[in-house]
Each structure stands twice: as C-alpha cells, then as structure tokens.
Amino acid sequence: MGILYQPLYITTTFLIYLSLILVVPVLCVDPFTQALLSLKSEILDNSNSLSDWILPSSSTSDNIHACSWSGVKCNENSSLIIGLDLSVKNLGGVLSDGQFSVFSDLVDLNLSQNSFSEKLPVGIFNLTNLRSLDISRNNFSGHFPSGISNLDSLVILDVFSNTFSGPLPKDASQIESLKNLDFIQLAGNSLSGKIPPELGMLKTVTHMEIGYNSYEGSIPCEFGNMSRLQYLDIAGANLSGSIPKELSNLTNLESLFLFRNQLSGKITWEFGKIISLSSLDLSDNLLSGPIPESFSELKNLRLLGVMYNDLSGTVPEGIAKLPLLDTLVIWDNLFSGSLPKDLGKYSKLKHVDVSTNYFVGSIPPSICSNGVLQKLILFSNNFTGELSPSLSKCSSLVRIRIEDNSFSGDISLNFGNLPDLSYVDMSRNRFSGGIPSDIALASKLQYFNVSNNPNLGGIILEKTLPLYSLQNFSATNCSISGEFPPFGRCKSLLVLELSMNNVSGIIPRSISNCQNLVCLDLANNNLSGQIPVELASLPGIRVVDLSHNSFSGSIPAKFGSSSSLQLLNVSFNNLSGWIPSKVMDSSAFWGNPKLCGRSFRPCRGPNGLELGSRRTQKLAWVLITCGVVLAITAAVFGVFYFRRRGKGQWKMVSYSGLPRFTANDVLRSFNSIEEATDMVPPLGGSDCCKAVLPTGITVLVKKIEWRSERMNLMLDLISRMGNARHKNLTRLLGFCYNKHISYLLCDCLPNGNLAERIRTKRDWATKYKIIVAIARGLCFLHHNCYPAIPHGDLKANNIVFDENMEPHLAEFGVKFLIQLNNGPSLAKVGNERGEIERAIKEELYRDIYNFGELILEILTNGKLSNAAMSLQNTSKEVLLREVLDENDVAPSNSVQEERKLVLEVASLCTRVRPSDRPSMEEALKRVSGLKKQG
C-alpha cells in the first residue's frame, strides 16, 4: 500500500505545480480580454476572422491586451473598451447573456451581417452607455426582449432583417426615455400586434424604418408628433385603415414610404403642407379618390408613387410644374382625362408610368424637353394622335411601352438619335407607314413589338433581323408584305413573330445563323417552298408555327429528334410524306392531304392501301366503304339540318389577350362540345370544356345557344363582358358565333377554384385577401361597367386562382346571358329596356347576398355555407365562437374583433329585404376598413 501511494503523491503534486505555471499568465489577463476570449470560444468563426484574438507570449503593460485586436476599439489610454465591431466576419452561433456584462462602458456595438441565431441576449440592454446598437442582417429570433428603455443614451438602433416575432416588448411604452435616439430600424422581421403609439414620443428621431413586418391595425396618429422625422418607412407591414392626417405635421419629412399595405380611404389634402417632402410612395394599397390638388405645392418632390390603388379623377396640372419631379408612377388605377399638358417641361423627368388607366388625349409635347427621360410607360389607356416629335430627339430613352392604345400615324422615332433604346412595344394601336428603315441604327435594341397594327403595312427590311442585340421581334397582324429577308447575323434573336401578314417567298437557309432562336411564328402568310432542315436543327427551338401558308415537300425529320421542341404547327399547307416521330396533336397537321403517319392518317403503299398485312388491307376496305356511306349520310343530314336551323356563317371576335384567330381556327380546335374530351362539369347551364388553340393557348370554351331574335341583345352583353378588365376577373378573350350558337373563349387559370380548397385552413391574412379580392372584382362589375354586369352565379366554384394564387371571379355574366335568352319574347314585353334593367337590379342584389354567403364559407373553412340561415337561427356570439374555433383564435386575441366585423358585413349582405343590403361599393369600403376599426 505504501509502495503504491508514494508515486501517486508525487504525480499529483507535479500536476498541481504544472497547472499553476500554466494558469498564472491567464490570471494576469484583464477581465475585458478574458471576456472576449470567452466570446471567441463560444461562437463559430468559419472564416477565422478572429485569428488575431490571441494572448501575447509576454506582456509587461497594464493596458488591455485586446485593444490591438481587430474590431476592438479602446479609449485613448487603452483602459476601457468603448467599441466592438464584429460586422461582416462570417460569425455564427448563439450568444449568451454573460458575454457582454463586463463591457459597461461600451458605446458602439455592431454585430451586423453575420449568422448569429436564437434569442438576443438580454444582457445587451444593461450596457447603458450604448449610443449605437446594430444587430442587423442576422438570424436572431423569438420575441424582441424587454429592456430597450434602459438604453437612454442610444442614438442608433438597427435590428433590420432578423426573424424577431410577436409584438414589440411592453417596455416600449417607456420608450420616451430614449431622449437621444436618432435612427431606428426594425424592418424585415416578423413582428406582429399593433404598432405602439408610444413610438410617436420619440421626438429626436430623424430616421425610422419599421416596415416589412406583420402588424395589425392602423398607423398611429401619434406619429404626427415626431417633429424631427425626415425619413419614415412602414412599407409591407399589413397596415389597414386610413392614412392619418396628423402625418402632415411632420414638416421636416423628406421621405414617406407606405406602399404594399391595405390602407384605404382618400389621400388627405393636408399632405400638401409637407413642403420638404422629396419621395412619396403610397403604392399597392386600397386608396381611392383623386390625387389632391395640394400636391402641386410640394416643390421638393422627386418621386410620386401611387400605383396599384383605386385612385380616380385627373392628374392635377400643378404636378407638371413641380421643378424637381423625376419619377411619376401611377399605373393600375382608375385615372381619366388627359395628362398635364406641361408634363416634362419644368422638371427633368426620368421615369413616367401611367399604364392601365383610362387616360385620353396625346403624349404631352414637352415630355422629354429636358433630355433625361429614360422610361415612358403608357400602355393600356385610350391615348390617341401621333407620337410626340420630342420623342425622336429623346436620346436618353431606354424603354418605351405604349401598347394597347389608339395611337396613329407613322412610327417616327428616329432610331439613330436613340443610342440607348432597348425596349419598344407599340402593339395594339393604329400606326401606319411601315416599320421605320432606320431601325437598323438602334444598336442596343433588344425587344421590338408592333403587333396588331392592322394598317402598318410595309416590308421587313434586310437590315432589320440582323440587329446585334435584338432578342424579340414581333409584328403580327400588320399587313406586312414583300419577300422574307435573309437573316444575316442574328445570334441574339430568341423570338420572331410575323403571323397574319402577307409575307411571301421562302424561309432562308440562313436561319441557321439564329442559333439561339426559341420561337418562330410565321402562320397565316403566303410563304412557300420547303421547310429548311436548318430550322429543325436549331438547338433550342421550342415553338414553330408555320400554319396557313403554302409550304410543300416533307417535314424535316430532325423535328422528330429535337429535344427542345414543344409545339410544331404546320396545318393547312401543301406538305407531303411522313410525319416525324415527335408526338404532336393531330390538329397540328390538318389541311395537308398528302401527310400521313403516326396518329394522323395511315400511310398507303403503291396500291393505295394502308401499309401492312392483307388482313389490315381488307379491314381498310371495309372501313373506307363504311366511311363513304357515313359521309354521304352525314352530308344529307347536314343539308337537311342547316336548311332547317339556318345557322349561317361563323364570325369571330377577339379581345385583348387573344391572337386574331379566324372562326375556323377556333372551331377546328374542338369538334363539338358534345364530343370534346377533357370535359368539366356543366356550370350555370352552359356546356364547358377545355380547348387548345393553334398557337398552344389553352382556353375554357363555354357553349351558349340563343334564339335569333335575342342574338343582338346577347351580343351586346358579351361585348361588355369582353371589355371588362380587372385584376380580379378572369378574361373573356373572344368568341365565335352564328345565328344560333356562340362559343365563349375564356382564361384557363392553373390553380383550381375556391371550392376545391375551401377546407384548407388558412391564416387570417390569406382569408382577408380572398374576401377583399372577391369584393373588388364584384364592385368593378357593379359600379365600373355601364350598364352594370351582374355576376349571376357567385359561389366558391367560380372563384379561381392564377399562378400567384390571386383570386379571380369566373363565369361572370354567363348565367344572366342564359336568362336573357330564356326570357319572354319581344312581342310579350311592353318595355324591354325596363324589363332588362329590373332584371339586372335583381341580379345585383343576389350577387351581394351571395357575397355574404361566401364570407361565412371562407371564415369557417366551408363548414357554414348558408349565411342567412346561420345568422338568423344562431346568436352572433355562438356563431363568432364557431368562427374563432375554426380559425384557432383565442378569445382574448385582438383579431377577434376583426372576425366580428367581418360577420357583420356578411349579416348586412344577407338581409332578407334586398333594398336593405349595402351596395358592393359600400361592402368593399366596410371590408377594406375592417382592420382600422378593429
């Protein structure tokens, strides 16, 4: 025992001695350096950014060792650490509370642009000398901790782009203690709840960004007390209600960004008092009414953005006289009248976008008089007249979009004077005079579209297609004639569209120069000769439409092996031989009697029979005989049928969004509704199927039959349906018809309907979005169409979703069409107009009732679909409880009041007496303002 004990004693003594030798230098290290070494040991440093955070081998100084380390700032005598900048060092991990407790004199702390995660250490809020705290662009999460009010010396607070959630801490109510705060940045998190009105007590703040969160409620009117505020950004924050007029008290405000919310009501005229305002963006809200005339007083305004609202009226003339205005973006509203005649005369305009409104008149003559205009976007209005001469001298112009208007005259742009022009869209106008010859001088032009100018005329010049940068050239339906030009150098060309013209000649073999070509559409021309094998050999070709020409010879076999080809249409030519193995719908080869193979028609041998066995040949004879008999029978029946029915000649009407097909093009896309495949359930009494038109567009086809004496009446309604364009309505693209029948061609949206998704649980924001979208679409039909268009069949089946899950109203007007046809004959109606007006009024009331039904169905995930019955037979408290249970809302949750108000709208819309129901305009206002009231 003693023998074993002695070595053990000696070993233990040696280890203790050795540890003392090693520990002594550490014990001599100052507490600041120790704390930073501890911090380094706990965080992740994947880039070795803190490699210089090491102890020296020996030190005789009493100063802080860490003062020489990167990111560490000390006072003059190196006795205190006053700054710690660890920004952009690729650091990560979790910070603990104790890591900062020793730095009580810290003035600046910057942890930005790293990957720190989980909760923010509360200990940071004990650093009461902090003047700047920047933790932006990290992954801190959880609730933002209490304690911010302790930092009464704080000047800068930057919390941008983390994942903080929940409401701001309770001590935000004591935030007035931050009497030095100048900069506050809370944007880009997941903060919720109402914005604390106490933030309005921060009278020293000059810059505040708190948007891109998920708040509830409205903008606190107390923000009007922040007298030094110069920059306010609350964009993308789920705010509702009106914009408080108290913000006009911010007389030092230079930038105000409130876009991408659900703000409603009118823009207060008091904003004209904020003379210092330079940037104002209220886009993507639910604002209505005009642009206040008082905006003419904002002499420092550079940016005015109110796009994507429901604003109306004219643009005040005084806007044109704002001397510093360079950006005017007011697209997708309900503006009308002419643009201010002096727009561009008094300011250096750079960007003008007034698209998708109801403007009339011409382009202001001085739009580019100061020579800096880069973007002119005017599409989808009612502009007329010739192009402004000032545009031909606007050398700064980069982008011009004036499609879907009624401009006329020559395309007089003088491309040689526009060296930076890259995008031109003048489609769907009334231009004439041909494609300008100087287009070859547009060296940077990438996109050029003049389609659907039926009187344009002219030819395609040889120098047009080889433009060095040209990627898209579209001139469909322009009455262009002449021979197809050679391609030259066209390595950038991706899309070439020349359909529905009078172009003749052959497709040059030089098309092989266009190695990046993706789409070639030459349908409905006078082209002839063989289809060049070079076209089939292009490596990226996806769409080729050569239909309705006079091509001859065979289809190049290389089309069959093309890995990129998605659509080949060679119908109605003089082609012969085998169809390549690439599978296409048989309609792509119709009108070529000498083509055979695949699923089209059997190829036949020298004896005229299908190639194959004798049994097959005998069967062929039988089938041919039967076919002849059936054809004769069908012909006799057809003559009898048409004599009896007298259907007459088919006609075609196309609206915006549909190429100008002929009626034959459409009818060939489906044999008859009764025989069509891919049937969908009948809706509203009309037959309905999907059809693929010759260019590959998939549409929903609705069959409507009518009595000849009712045709004009129904055509008038269809015309109004076709011209109804709103972001929450499906589009009627066109229709073909004769004296007894019509086929309506409608958008086919990809994401199904509400009925299919009604039992899917959604958050309140999503449900609210759907309800508002339905209200907006219905309000447009009732109040922006004249005469009003009743939907007639509003239900979950008829709410469909586009690729962005935006709701659209489908089937609007269809049921009313059928009612018009089935109504009493003209002989029995004393005053037809009065009868129709009464019928429309009744249907509008029914729409409003059905809207109330839909609200309840959406709120309860489809469990309650009879709003009137539920509201009449169940107390509102019980019904509200059902709604809250279905939406997982706690009784004390602030959104409870919002659900209650939604139910109130449903209740109003489903009142027994139709005259007691609100109009859709009133219902939309109530729904849009719910969160303000809640």
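Quantities reported herein were computed from a predicted structural model and do not represent experimental measurements. (Residues numbered from 1 in each chain as written. Predicted model: local features only at pLDDT ≥ 70, side-chain atom pairs only at ≥ 80, totals over all residues. Heavy atoms only, no water.)

1. Description of the packing of aromatic side chains
Two descriptors summarise a pair of aromatic rings, namely the distance from one centre to the other and the angle between the planes of the rings. The full count for this structure, using the stated rule, is 21 aromatic pairs. A ring pair is formed by phenylalanine 415 and phenylalanine 448, whose centres lie 6.3 Å apart and whose planes are at 70 degrees; its orientation type is edge-to-face. Taken together, the residues phenylalanine 415 in the loop between strand 30 (406-409) and strand 31 (423-425) and phenylalanine 448 in strand 33 (residues 447-449) connect sequence positions 33 residues apart. The burial state of phenylalanine 415 is the same as that of phenylalanine 448; both residues are buried. (Phe/Tyr/Trp six-rings, centres within 6.5 Å; stacked < 30°, edge-to-face > 60°. Helix = DSSP H or I, 4+ residues; strand = E, 2+ residues; numbered from the N terminus. Buried < 20%, exposed > 50% of the residue type's maximum accessible area, 1.4 Å probe, protein only.)

2. Overview of the packing of helix 7 (residues 711-723) against helix 10 (residues 814-822)
Close contact between helix 7 and helix 10 brings their axes to 10 Å; oriented N to C, the two are set at 170 degrees. Between helix 7 and helix 10, the angle is such that the two are roughly antiparallel. On helix 10, the residues that touch Leu713, Met714, Leu717, Ile718 and Met721 of helix 7 are Val814, Phe816, Leu817, Leu820 and Asn821. Taken together, the residues of the contact of helix 7 with helix 10 break down into nine nonpolar, one polar and no charged. (Axes fitted to C-alpha atoms, helices over the stretch in contact; angles between N-to-C directions. Parallel < 35°, antiparallel > 145°, perpendicular 65-115°, else oblique. Contact = heavy atoms within 4.5 Å. Nonpolar A, V, L, I, M, F, W, Y, C, P; charged D, E, K, R; others polar.)

3. As for the confidence of the model for the protein chain
On average, the protein chain scores 83 in pLDDT, and the residues at 70 or more come to 82%. In the predicted structure, residues 609-647 sits below a pLDDT of 50 and forms 24 contacts with residues beyond four places in sequence or in another chain. Segment residues 672-686 is flagged for pLDDT under 50; beyond a separation of four residues in sequence, or across chains, it makes 29 contacts in the model. (pLDDT = per-residue confidence, 0-100.)

4. Quick notes on empty space enclosed by the protein
Which parts of space are left empty comes out when a probe the size of a water molecule is rolled across the atoms. One pass over the structure, following the stated rule, counts two cavities of 30 Å³ or more. Forming the boundary of the largest cavity are ten residues, of which Ile148, Leu168, Ile175, Ile184 and Leu186 lie nearest the centre. Its residues assigned to classes, the lining of the largest cavity comprises ten nonpolar, no polar and no charged. (1 Å grid on protein atoms, 1.4 Å probe; cavity = no way out; pocket = protein on both sides within 12 Å on 5 of 7 lines; lining within 4 Å. Points joined across faces, edges and corners; volume = space filled by probe spheres on them.)

5. Things to note about the side chain of aspartate 545
Checked against the element boundaries, aspartate 545 lands in strand 39 (residues 543-545). On the basis of relative accessibility, which here comes to 4%, the residue aspartate 545 falls in the buried class. Side chain to side chain, aspartate 545 and serine 547 meet in a polar contact 2.8 Å long. (Polar contact = N/O pair within 3.5 Å; in protein donor to acceptor, adjacent residues only side chain to side chain.)

6. A look at the state of the cysteines
Under the definition given, this model contains three disulfides. Here cysteine 67 is linked by a disulfide to cysteine 74, with a sulfur-sulfur distance of 2.0 Å. Between cysteine 67 and cysteine 74, the disulfide has an S-S torsion of -100 degrees and is therefore left-handed. Covalent S-S linkage joins cysteine 490 and cysteine 514, the inter-sulfur distance amounting to 2.0 Å. For the disulfide bridge between cysteine 490 and cysteine 514, the dihedral angle about the S-S bond is near -100 degrees, and by the sign convention the bridge is left-handed. Placement of cysteine 490 in the loop between strand 34 (472-474) and strand 35 (495-497) and of cysteine 514 in the loop between strand 36 (504-505) and strand 37 (519-521) is noted, with a sequence separation of 24 residues between them. In terms of burial, cysteine 490 and cysteine 514 fall into one category: buried. (Disulfide = S-S within 2.5 Å.)

7. With respect to the environment of valine 354
In this fold, valine 354 is placed in the loop between strand 25 (351-353) and strand 26 (358-361). Placed 47 residues apart in sequence, valine 354 and methionine 307 show a C-alpha to C-alpha distance of 8.3 Å. With near-sequence residues (within four places) excluded, valine 354 lies in contact with Ile330, Trp331, Leu339, Phe359, Ile377, Leu378, Asn381 and Phe383.

8. Re unusual backbone geometry
The backbone of serine 380 sits at a positive phi, close to 55 degrees, despite the residue not being glycine. Along the polypeptide, serine 380 turns up in the loop between strand 27 (375-377) and strand 28 (382-385). Serine 380 gets classed as buried once you look at its relative accessible area, which sits at 19%. Non-glycine residue asparagine 524 carries a positive phi angle of around 60 degrees. For asparagine 524, the location among the structural elements is in the loop between strand 37 and strand 38 (526-530). For asparagine 524, a relative accessible area of 25% gives the class partly exposed.

9. A word on the sheet that holds strand 26
An order of 16-18-20-22-24-26-28-30-32 is seen for the nine strands of this open sheet, with the pairing classed as parallel. Two strands bound the open sheet, and with one partner strand each, they are strand 16 (240-241) and strand 32 (430-431). Relative to strand 26, strand 24 (residues 334-338) is paired through three bridges, and the arrangement is parallel. Opposite serine 336, over in strand 26, you have tyrosine 358 as the bridge partner. (Pairing = 2+ DSSP bridges.)

10. Thoughts on the pairing of strand 30
Of the two faces of strand 30, the one lined by Phe407 and Gly409 is fully buried and the one lined by Ser406 and Ser408 carries no buried residue. Two strands pair when backbone bridges link them, and strand 30 and strand 32 are joined in this way by two bridges, in the parallel orientation. Bridging from a neighbouring strand, glycine 409 pairs with phenylalanine 431 of strand 32.

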